[in-house]
Amino acid sequence: MATITRTPVGIIGAGPAGLFLAHLLHRQGIETVILESRSRAEVEGTIRAGVLEQWVVDLMNQMGLGERMMREGHFHSGITLRFNGESHHIDMAELTDGKRVTVYAQHEVIRDLVAARLEDGGEIVFGVSDVQLHGVESDQPSITFRRSPDGPVEELRCDFIAGCDGFHGPSRQTIPTAIRSEHQIVYPFGWLGILTSAPPSHPELIYAAHERGFALLSTRSPEVQRLYIQVDPKDDIANWSDARIWSELHTRLEDKSGWSLTEGPVFQKGIIAMRSFVCETMRHGRLFLAGDAAHIVPPTGAKGLNLAVADVLVLSRALTAFFKSNDGDGLAAYSAQCLRRIWKAERFSWYMTTMLHHNPNETSFEQRIHLADLDYVVHSRAAMTALAENYVGLPME
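Given the structure is predicted, the values throughout are model-derived calculations rather than measurements. (Residues numbered from 1 in each chain as written. Predicted model: local features only at pLDDT ≥ 70, side-chain atom pairs only at ≥ 80, totals over all residues. Heavy atoms only, no water.)

1. Focus: the overall build of the protein
Along the backbone of the protein there are 12 helices and 19 strands. For a compact globule of 397 residues, the expected C-alpha radius of gyration is about 21 Å, and the protein comes in at 22 Å, within 12% of that figure. Counting only C-alpha atoms and orienting by the principal axes, one finds that the protein spans roughly 70 × 45 × 40 Å. Long-range contacts, defined here as pairs at least 24 residues apart, represent 72% of the contacts in the protein between residues at least 6 apart. (Helix = DSSP H or I, 4+ residues; strand = E, 2+ residues; numbered from the N terminus. Rg over C-alpha atoms; globule rule 2.2 N^0.38 Å. Contact = heavy atoms within 4.5 Å.)

2. Considerations on the sheet that holds strand E13 (residues 206-208)
Pairing is mixed across the open sheet formed by 8 strands, whose spatial order is E6-E5-E13-E14-E15-E12-E16-E19. A single partner strand is all that each edge strand has here, and the edge strands are strand E6 (86-91) and strand E19 (295-296). When strand E16 (residues 266-280) meets E19, the two strands line up antiparallel, connected through 2 bridges. Its bridge partner being in E19, Val 278 is matched across the sheet by His 295. Here helix H11 (residues 364-379) sits on the sheet and contacts strand E5 (78-83) and E6; the angle it forms with E5, its principal contact strand, is near 140 degrees. (Pairing = 2+ DSSP bridges. Axes fitted to C-alpha atoms, helices over the stretch in contact; angles between N-to-C directions.)

3. Comments concerning the sheet that holds strand E7 (residues 101-103)
Strand order across the open sheet formed by 3 strands is E3-E7-E4, with antiparallel pairing between neighbours. The open sheet has two free edges, formed respectively by strand E3 (51-52) and strand E4 (74-76), since each of these has just one partner strand. The pairing of E4 with E7 spans 3 bridges and is antiparallel. Its bridge partner being in E7, His 74 is matched across the sheet by Val 103.

4. Brief notes about helix H1 (residues 16-26)
For H1, a buried count of 10 out of 11 residues is recorded, marking the element as mostly surrounded by other parts of the structure. Within H1, burial applies to Pro 16, Ala 17, Gly 18, Leu 19, Phe 20, Leu 21, Ala 22, His 23, Leu 24 and Leu 25. (Buried < 20%, exposed > 50% of the residue type's maximum accessible area, 1.4 Å probe, protein only.)

5. Concerning helix H10 (residues 329-356)
Here H10 spans 41 Å end to end across 28 residues, near enough to the 40 Å set by a 1.5 Å rise per residue. Along H10, the largest kink reaches about 40 degrees and is centred on Ser 335. (Expected span 1.5 Å × (residues − 1). Bend = angle between axes of the 7 residues up to and from the residue.)

6. Considerations on the environment of Ile 206
Inspection of the secondary structure puts Ile 206 in strand E13. Spatially, the C-alpha atoms of Ile 206 and Ile 143 are 45 Å apart, while their sequence positions differ by 63 residues. Contact partners of Ile 206, with chain neighbours within four places excluded, come to Thr 80, Arg 82, Ala 215, Leu 216, Leu 217, Leu 253 and Trp 259.

7. Some remarks on the side chain of Thr 7
By the element assignment, Thr 7 lies in strand E1 (residues 3-12). Here the side chain of Thr 7 touches Glu 31 through a polar contact of 3.4 Å, landing on its backbone oxygen. Dropping the residues within four chain positions of it, Thr 7 is found in contact with Glu 31, Thr 32, Val 33, Leu 156, Arg 157, Cys 158 and Asp 159. (Polar contact = N/O pair within 3.5 Å; in protein donor to acceptor, adjacent residues only side chain to side chain.)

Limitation: the analysis is restricted to geometry and does not speak to function.
Shown next, in the form of structure tokens:
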């Protein structure tokens, strides 16, 4: 017979969505258990970039989780768009009443959240397998799992389940296909990303549109820089020597001003594919999807982590209202409320992606339209303001 434990909210996944949700509920006196298929080392060691919207930074500080972020993060008041060999600065802070973004890697956010969760006495069960959801349409849902592949089955009974287990997790698949609809674009290009030991070449991010493909200059720390170039997502990283990567970065990023890119030793590189994806609905019975389990955005718009936090902020408020006041209105409205923000973020991420990348499947007419779009953005205050508002983060309702 399976060992049975109980918690008000069972959370599947120790990514940004699951960890933020646990912290938000803990501060309301609502306890949770997080189940995670990877080890702690794997969770904390998965290297992912992070650009945090202003409101997410404010939230982390309000929750007492932002000390290291404020010490080690990079605060950017603008970005540079580069095309036709010319650079155009978008002053986001000036356009949005002082708002900015913070470059702080997602895995660093994860490390901070995991450490604080364990310090609070919260439970994270790492390395679980055979995770299955049961009875999500009832008022007594449960999750069965094993702590190791050959371990005994355990059952975690919950009032609610939060599926924060990513695109490939079991939560979304629990929702019958007759109830959920999925919307997706798979882009015909990907990003080759590198980490290099070098000083910053520029104080803020540079987004470059070039006939050979997109390029992005970002930063990780005063000693480590993050750079990307558009490539075929099916390409083999073995085809890309360091010299070839640097050659493409110089070609795509440098402009007529004489600015130059600073090189350094490359100590990590890899190719990622890109997609846009949304699942509707995000709720089925007492199961609620959040983060990558419900939506994926291409990294061009820097929205992935921010959307995950937005989801669970809405969910935490709804769960708090239910547990403290027996008010289920927020839970009923959860999916619709989240999807309004998600589709706006998907639109912005799609817009940035299609405008900046060279799509080999497009006609010359379509490619010229993207250049016209860039030209309009950098010469129209209204267009710049719209881009800036979306980039720093739309207000939470």
